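Understanding the architecture of this molecule
Below, each chain spelled out in residue letters.
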Amino acid sequence: MKTAMLASNDFVGISFWLISMAMLASTVFFFIERNSVKASWRTSITISGLVTGIAFVHYMYMREVWVSTGTSPTVYRYIDWLLTVPLLMIEFYFILSAVKKVSSGIFWRLLVGSLVMLIGGYLGEAGYINITAGFVIGMAGWIYILYEIFSGEAAKEAAKLKGPVNGCFNFCKWVVTLGWSIYPLGYLFGYMIGGTDEASLNIIYNLADLLNKTIFGLVIYQTAKNLTPAGK
Ligand SMILES: *C/C=C(C)/C=C/C=C(C)/C=C/C1=C(C)CCCC1(C)C
């Protein structure tokens, strides 16, 4: 039987602890640093802090579930995703609107696409709809947001920009493509074709979250900082 204390050989549990502290530290950092960047970038930094803050709270619960039961904290993960993923997606809108006027259609399409992706995945994982149907709906939502940032209006607006903002947009775009691909792969191997155990899946998800939430936010912060005049 498992105890409620972290065992020294429980590497999944240790990864939950490490990431929860990284999320806490990032949250404090983003909120404190928010005022050190130009006003037009502050919304983006606030959103980065909200993402890691929401993740921090969920990580506290997730690591508790893992350490005391040894099972995947799926419900907490999805609640976290439901809140943080749309926030991460609308960062693309705020990155663009920090430097130019862009249409709110970008904001709404990214928001709706990410919700379709998550609701499809959850309905499939929780057994409300067929597992494959959930995957297909989820993939459709993801492909839709990838379309928007690779070829849609957001992509066209970003292409007109040069320098650090364009670089930041592109970095974030590849995070959503490569870093995010880990989650549908986990769904595929975990529920549809088999091949992964819960322990490795959780370590992979935890490390992915570090890239997709913390490093994502740090790159936006770094860009904002670059564009803020010295001494501001
Ligand atoms: C911080 C948490 C993040 C960035 C979570 C992202 C989650 C996804 C990109 C999930 C995607 C899925 C699909 C594309 C299809 C199947 C179901 C999902 C929800 C696992």
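So, here is what we can say about the structure in this document. This one's a predicted model, so the numbers in the text were calculated from it and none came from an experiment.

1. Quick notes on the overall build of the chain
- Looking only at helices and strands, the chain has 9 helices and 0 strands in total.
- Each helix (α) and strand (β) of the chain, taken in turn from the N terminus, gives the series α-α-α-α-α-α-α-α-α.
- By the compact-globule yardstick of 17 Å for 232 residues, the chain fits well, its C-alpha radius of gyration being 18 Å.
- Overall, the C-alpha framework of the chain stretches about 55 × 40 × 20 Å when taken along its three principal axes.
- Relative to its full complement of 232 residues, the chain shows a buried share of 48%.
- Counting only contacts in the chain whose residues sit at least 6 apart along the sequence, the fraction spanning at least 24 positions is 76%.
- Of the roughly 10800 Å² that the chain leaves accessible, carbon and sulfur atoms contribute 71%.
- A distance of 14 Å separates the average location of the 16 positive side-chain charges in the chain from that of its 12 negative side-chain charges.

2. Observations regarding the packing of helix α4 (residues 104–125) against helix α5 (residues 131–150)
- Viewed as axis vectors pointing N to C, α4 and α5 meet at an angle of 160°, and their least axial separation amounts to 7 Å. Regarding the angle of α4 to α5, the classification is roughly antiparallel. Regarding α4 and α5, the two cross each other, and that crossing is left-handed. Taken together, the residues of α5 that come into contact with α4 (itself represented by I106, R109, L110, G113, S114, V116, M117, G120, G121, G124 and E125) are I131, G134, I137, G138, G141, W142, Y144, I145, E148 and I149.
- Class assignment for the residues of the contact of α4 with α5 results in 10 nonpolar, 8 polar and 3 charged.

3. Section: the environment of T27
- Looking at where T27 falls in the secondary structure, it is placed in helix α1 (residues 11–33).
- For the pair T27 and N170, spaced 143 residues apart in sequence, the C-alpha to C-alpha distance is 24 Å.
- Sequence-distant contacts of T27, that is, excluding residues within four places in its chain, are made with G49, T52 and G53.
- Engagement of the side chain of T27 in a polar contact is seen with the backbone oxygen of M23, the distance being 2.6 Å.

4. Description of the side chain of S15
- Tracing the backbone through its elements, the reader meets S15 in helix α1.
- Here S15 falls in the buried class, since its relative accessible area comes to 8%.
- For S15, the contacting residues outside a window of four places in its chain are I203 and N206.

5. A few points about the site of the ligand
- Taken together, 18 residues surround the ligand, and among them V85, M117, W180, Y183 and K213 come closest.
- Computed on the free molecule, the ligand has an accessible area of 530 Å², of which 100% lies beneath the protein chains in the complex.
- The greatest single-element share of the shell around the ligand, amounting to 5 residues, is contributed by helix α3 (residues 74–97).
- Looking at side-chain class alone, the shell around the ligand contains 12 nonpolar, 4 polar and 2 charged residues.

6. A short note on helix α2 (residues 42–69)
- Between its first and last C-alpha, α2 extends 40 Å over 28 residues, near the 40 Å set by a 1.5 Å rise per residue.
- A positive phi of about 70° marks G70, the residue just after α2.

7. Focus on helix α7 (residues 163–179)
- Taking 1.5 Å of rise per residue, the 17 residues of α7 would be expected to cover 24 Å, and the 23 Å separating its terminal C-alpha atoms lies within 8% of that figure.
- Among all positions of α7, only V165, N166, C168, F169, C172, K173, V175, V176, T177 and G179 are buried.
- The elements touched by buried residues of α7 are α3, α5, α6 (153–159), α8 (182–192) and α9 (198–226).

Cut-off values and rules
Per chain, residue numbering runs from 1 following the sequence as it is written. For this predicted model, a pLDDT threshold of at least 70 governs which residues receive local features, and a threshold of 80 or more governs which side-chain atom pairs are given and counted, while totals over whole chains, interfaces and linings are taken from all residues. For the side-chain quantities, the full set of heavy atoms in the structure was used; hydrogens and water were omitted. Numbering of helices and strands starts at the N terminus; helices are DSSP runs of H or I of at least 4 residues and strands are runs of E of at least 2. Our radius of gyration looks at C-alpha atoms and nothing else; its globule reference is 2.2 Å times the residue count to the power 0.38. Partly exposed residues are those whose accessible area sits between 20% and 50% of the maximum for their type, while under 20% is buried and over 50% is exposed, using a 1.4 Å probe and protein chains only. Residue contacts are defined here by distance: any two heavy atoms, one from each residue, within 4.5 Å place the two residues in contact. Note on areas: Shrake-Rupley, 1.4 Å probe, and residue coverage restricted to the protein chains presented here. For the purpose of counting charges, residues Lys and Arg are taken to be positive, whereas Asp and Glu are taken to be negative. His and the chain ends are not included. To locate a charge, take NZ of a lysine, CZ of an arginine, CG of an aspartate or CD of a glutamate. Axis definition: a line fitted to C-alpha atoms, limited for helices to the stretch in contact. Angles are taken between N-to-C directions and run from 0 to 180 degrees. Working definition: roughly parallel below 35 degrees, roughly antiparallel above 145 degrees, roughly perpendicular at 65 to 115 degrees, and oblique for all remaining angles. With the far helix as reference, a near helix turned anticlockwise by less than a right angle produces a left-handed crossing, and one turned clockwise produces a right-handed crossing. The classification used treats Ala, Val, Leu, Ile, Met, Phe, Trp, Tyr, Cys and Pro as nonpolar, Asp, Glu, Lys and Arg as charged, and all other residues, Gly among them, as polar. Pairs of N or O atoms are called polar contacts if they sit within 3.5 Å, as long as, within protein, a hydrogen donor faces a hydrogen acceptor (for residues adjacent in sequence, only side-chain-to-side-chain pairs). We call a residue near a given molecule or strand whenever any one of its heavy atoms falls within 4 Å of it. To estimate how far a helix should extend, the number of its residues minus one is multiplied by 1.5 Å.

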